[in-house]
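This is what each chain is made of:
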Amino acid sequence: MPTHEVFNQPPALTGYDVADDPAMLSALRREGAGWAEDAVHELGRLAGSAQAQEQGRQANENPPKLRTHDRFGNRLDEVEFHPAWHELMTVAVRYGLHAAPWRDSRPGAHVARAAGFYAWGAADAGHCCPISMTYAVVPALRHAPGLAGRFEPLLAAPEYDFGLRPAEAKRGLLAGMSMTEKQGGSDVRANTTRAVPADDGSYLLTGHKWFTSAPMGDLFMVLAQAPGGLSCFLLPRVRPDGTLNGMRLQRLKDKLGNRSNASAEVEYDEALAWLVGEEGRGVRTIIEMVNMTRLDCVLGTATGMRAGVTMAAHHAAHRTAFGRKLADQPLMASVLADLAIESEATTTAAFRLAGATDRAVRGDEQEAAFRRLALAATKYWACKRAPAHAAEALECLGGNGYVEESGMPRLYREAPLASIWEGSGNVAALDALRALKRQPESAEVFFAEVDQAAGADRRLDQAVIRLRKELSDPSEARARQLAEAMALVLQGALLVRHGDPAVADAFAASRLADDGGFFAGWGRAFGTLPAGTDTAAIVRRATPGLA
Ligand SMILES: Cc1cc2nc3c(=O)[nH]c(=O)nc-3n(C[C@H](O)[C@H](O)[C@H](O)COP(=O)(O)OP(=O)(O)OC[C@H]3O[C@@H](n4cnc5c(N)ncnc54)[C@H](O)[C@@H]3O)c2cc1C
């Protein structure tokens, strides 16, 4: 005899289309990649399938293991993964999330790839790291045309080919980035890894790296001190002759989240590497890679926010408390709507930046200048919001949200990471200030973008006036306020012009209005939207339709 009936629990959130996401889809079309909609929906349905969700769970619950040696004591320096990891990687690579825009000249190709990355990332965030680094390596690698000619076709191939073999003997390659040392990650000028020129034009690298994610990749961009100063190198894990390169994996990090992915400590012992760009210009060269991964930090954060609010809205649509559905309780509706607004604002800005990337890659200098400033500010602010967003989404599920199998703890542990790597919070905010000072044209195009929304919303207009005033005297100690304000104004301008009217209005009322006072405006926690917000309409946009 059953002891009780199970009821008032929501149905499993599987079998839905992650890409059924109005803010993302309208941005996809607006930014020139409407042609990719079918493929994005395909990936969205895959990501929302029970199978992909199970793969994501398994890949995280069976984290990678380092195999430094084989049973006979020979060095192996290999990482062993659960089969679910390989399945996730296979899909990501097959859909070109690691490189498709580099072999597809259609305008909008980077936006299409951004949408795929955004949708498929819902299955698991960890494997998006090597996918992102492979996508990002190409612009930096092109500083060495000979190497780009050799390796770019393999980096861009839609073939996932895992294993320790020489790069040119593989069907497809993955890339990583190796900059951070024990004594400094933000300040890479402190790097001590040495690069000694060899007779044949290559270099031998000796030193260490404190963080190198996805060490099972094939090629790594490494910073090291050459005779001419800090320089960027391409380092293969296996030498062309088939022997292991001098790249020793010391340990894998025991990380807070991102557990499906491997992040290693590495030692280089006379490791073969080839110069990329000029000696002494290593930071300028590798920054091209960092700038591409920063876009993915924003996209990945948008994915996490969308996943959080979707799970929360789904739960609230099915769970009853005190005689009413949670979603119909005014205070819960305010929490969910606030989470949805944050998620839509982040997604909208992320896709504007993906569009700017697409146009900048095709030679549009205005868009490159816009991207320079807007990406730094948005990376700062979007990533800063992620942990608070994940915590609030988790709480919408009550106790269930704190339990591992809900998926919420994984989302929560992942949330702080995008703010740390590729320029930690302060560094990203300071980078926005640096762009303002060194490239004043980036401020001009930024305001030209924002001014396109002028007159549409009084609160936005006033926020822009305040921002212009503050930016006239940017001080380092206030870099966070300035980056936050820039990011909010950009999000507001985009939503006012292109967003859902209820979302845009609530965004301006909560994030832009300068009405001070506890009860007039927005509080400091989510769920404090001003009275009169059309919460039901907003929450509807975040509630998944199950097949
Ligand atoms: C999971 C994970 C994976 C990673 N993978 C890689 C990888 O693949 N390759 C790689 O090269 N690195 C990787 N990193 C390292 C990462 O990029 C660095 O941790 C990051 O850049 C910060 O460097 P740091 O840890 O040395 O901290 P520090 O540079 O010491 O910074 C510490 C704090 O000081 C702040 N700070 C720094 N400078 C200033 C300043 N001028 N003013 C005010 N505040 C400042 C920072 O914002 C930060 O909050 C990874 C890190 C993690 C957590």
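Nothing here was measured: the structure is a model prediction, and the numbers come from that model.

1. Thoughts on the pairing of strand β3 (residues 175-178)
Right, so step 1: With burial as the criterion, each face of β3 is covered, one bearing Ala175 and Met177 and the other bearing Gly176 and Ser178.
Right, so step 2: In this sheet, strand β6 (residues 219-226) lies alongside β3 in parallel orientation, the contact comprising four bridges. Across the sheet, Gly176 pairs through a bridge with Phe220, a residue of β6.

2. Side note on the site of the ligand
Right, so step 1: Among the 19 residues in the neighbourhood of the ligand, the closest are listed as Met179, Thr180, Gly185, Ser186 and Ser213.
Right, so step 2: In the model, an oxygen atom of the ligand is placed 2.6 Å from a nitrogen or oxygen of the Gly185 main chain.
Right, so step 3: Between the ligand and Ser213 there is a distance of 2.7 Å, counted from an oxygen atom to a backbone nitrogen or oxygen.
Right, so step 4: For the ligand, the accessible surface in isolation is 970 Å², of which the surrounding protein chains cover 66%.
Right, so step 5: Contributions of two or more residues to the shell around the ligand are made by β3, β5 (203-213), α12 (417-420) and α13 (425-438).
Right, so step 6: Across the shell around the ligand, the residue classes break down as eight nonpolar, ten polar and one charged.

3. A word on the pattern of salt bridges
Right, so step 1: Applying the stated criterion across every chain yields a total of 42 salt bridges.
Right, so step 2: With a closest N to O distance of 2.8 Å, Asp296 and Arg113 form a salt bridge. With a gap of 183 residues between them, Asp296 in helix α8 (residues 282-318) and Arg113 in helix α5 (residues 109-120) connect regions that are remote in the sequence.
Right, so step 3: Exposure remark for Arg113: the relative accessible area of 3% places this residue in the buried category.

4. Here's the deal with the packing of helix α10 (residues 365-395) against helix α16 (residues 479-498)
Right, so step 1: Closest axis-to-axis distance for the α10/α16 pair is 8 Å, and the angle between their directions is 100°. In this view, α10 runs roughly perpendicular relative to α16, as classed from their interaxial angle. Facing Phe370, Leu373, Ala374, Ala377, Thr378, Tyr380, Trp381 and Lys384 of α10, the residues of α16 in contact are Arg480, Ala483, Glu484, Met486, Ala487, Leu488, Leu490 and Gln491.
Right, so step 2: Residues of the contact of α10 with α16, tallied by class, amount to eleven nonpolar, two polar and three charged.

5. Side note on helix α6 (residues 128-141)
Right, so step 1: The first and last C-alpha atoms of α6 sit 20 Å apart over 14 residues, in line with the 20 Å expected at 1.5 Å per residue.
Right, so step 2: In terms of residue burial, α6 counts as a mostly covered element, since 14 of its 14 residues are buried.

6. A few points about the packing of aromatic side chains
Right, so step 1: Under the criterion given, the structure shown has nine aromatic pairs.
Right, so step 2: Between Tyr160 and Phe162, the ring centres sit 6.4 Å apart and the planes meet at 45°, which makes this aromatic pair tilted.
Right, so step 3: Taken together through their ring pairs, the aromatic side chains of Phe81, Trp85, Tyr160 and Phe162 make up a single cluster.
Right, so step 4: Above the ring of Trp210, the side-chain terminus of Lys253 is found at 3.3 Å from the ring centroid.
Right, so step 5: Above the plane of the ring of Phe211 lies Lys253, whose end atom (NZ or CZ) is 4.4 Å from the centre.

7. Digging into the side chain of Glu392
Right, so step 1: Among the secondary structure elements, Glu392 is positioned in helix α10.
Right, so step 2: For the buried Glu392, no salt bridge exists, and the shortest N-O distance to an oppositely charged side chain is 8.9 Å, to Arg385.
Right, so step 3: Not counting chain neighbours up to four residues away, the residues in contact with Glu392 comprise Val335, Leu339 and Phe526.

8. What to know about the nonpolar core
Right, so step 1: Judged by nonpolar contacts, the single largest core of 175 residues is most densely connected at Trp120, Phe151, Leu205, Met221, Phe351 and Phe446.
Right, so step 2: Residues contacting Phe351, with those up to four places away along its chain left out, are Met24, Ala27, Leu28, Glu31, Val111, Ala114, Ala115, Tyr118 and Leu299.

9. Details of the pairing of β6
Right, so step 1: Taking burial as the measure, the eight residues of β6 include seven buried ones, the bulk of the element.
Right, so step 2: Relative to strand β7 (residues 229-236), β6 runs antiparallel, the two sharing eight bridges. What sits directly across from Leu223, in β7, is Cys232.
Right, so step 3: Between the end of β6 and the start of β7, which pair antiparallel, lie two residues.

Rules behind the numbers
- Residues numbered from 1 in each chain as written.
- Predicted model: local features only at pLDDT ≥ 70, side-chain atom pairs only at ≥ 80, totals over all residues.
- Heavy atoms only, no water.
- Buried < 20%, exposed > 50% of the residue type's maximum accessible area, 1.4 Å probe, protein only.
- Helix = DSSP H or I, 4+ residues; strand = E, 2+ residues; numbered from the N terminus.
- Pairing = 2+ DSSP bridges.
- Near = heavy atom within 4 Å.
- Polar contact = N/O pair within 3.5 Å; in protein donor to acceptor, adjacent residues only side chain to side chain.
- Areas by Shrake-Rupley, 256 points an atom, 1.4 Å probe, with all protein chains shown as cover.
- Nonpolar A, V, L, I, M, F, W, Y, C, P; charged D, E, K, R; others polar.
- Salt bridge = Lys/Arg side-chain N within 4 Å of Asp/Glu carboxyl O.
- Axes fitted to C-alpha atoms, helices over the stretch in contact; angles between N-to-C directions.
- Parallel < 35°, antiparallel > 145°, perpendicular 65-115°, else oblique.
- Contact = heavy atoms within 4.5 Å.
- Expected span 1.5 Å × (residues − 1).
- Phe/Tyr/Trp six-rings, centres within 6.5 Å; stacked < 30°, edge-to-face > 60°.
- Lys NZ or Arg CZ within 6 Å of the ring centre and 35° of its normal.
- Lys, Arg positive; Asp, Glu negative; His and termini not counted.
- Core = buried A, V, L, I, M, F, W, Y, C linked by side-chain atoms within 4.5 Å.

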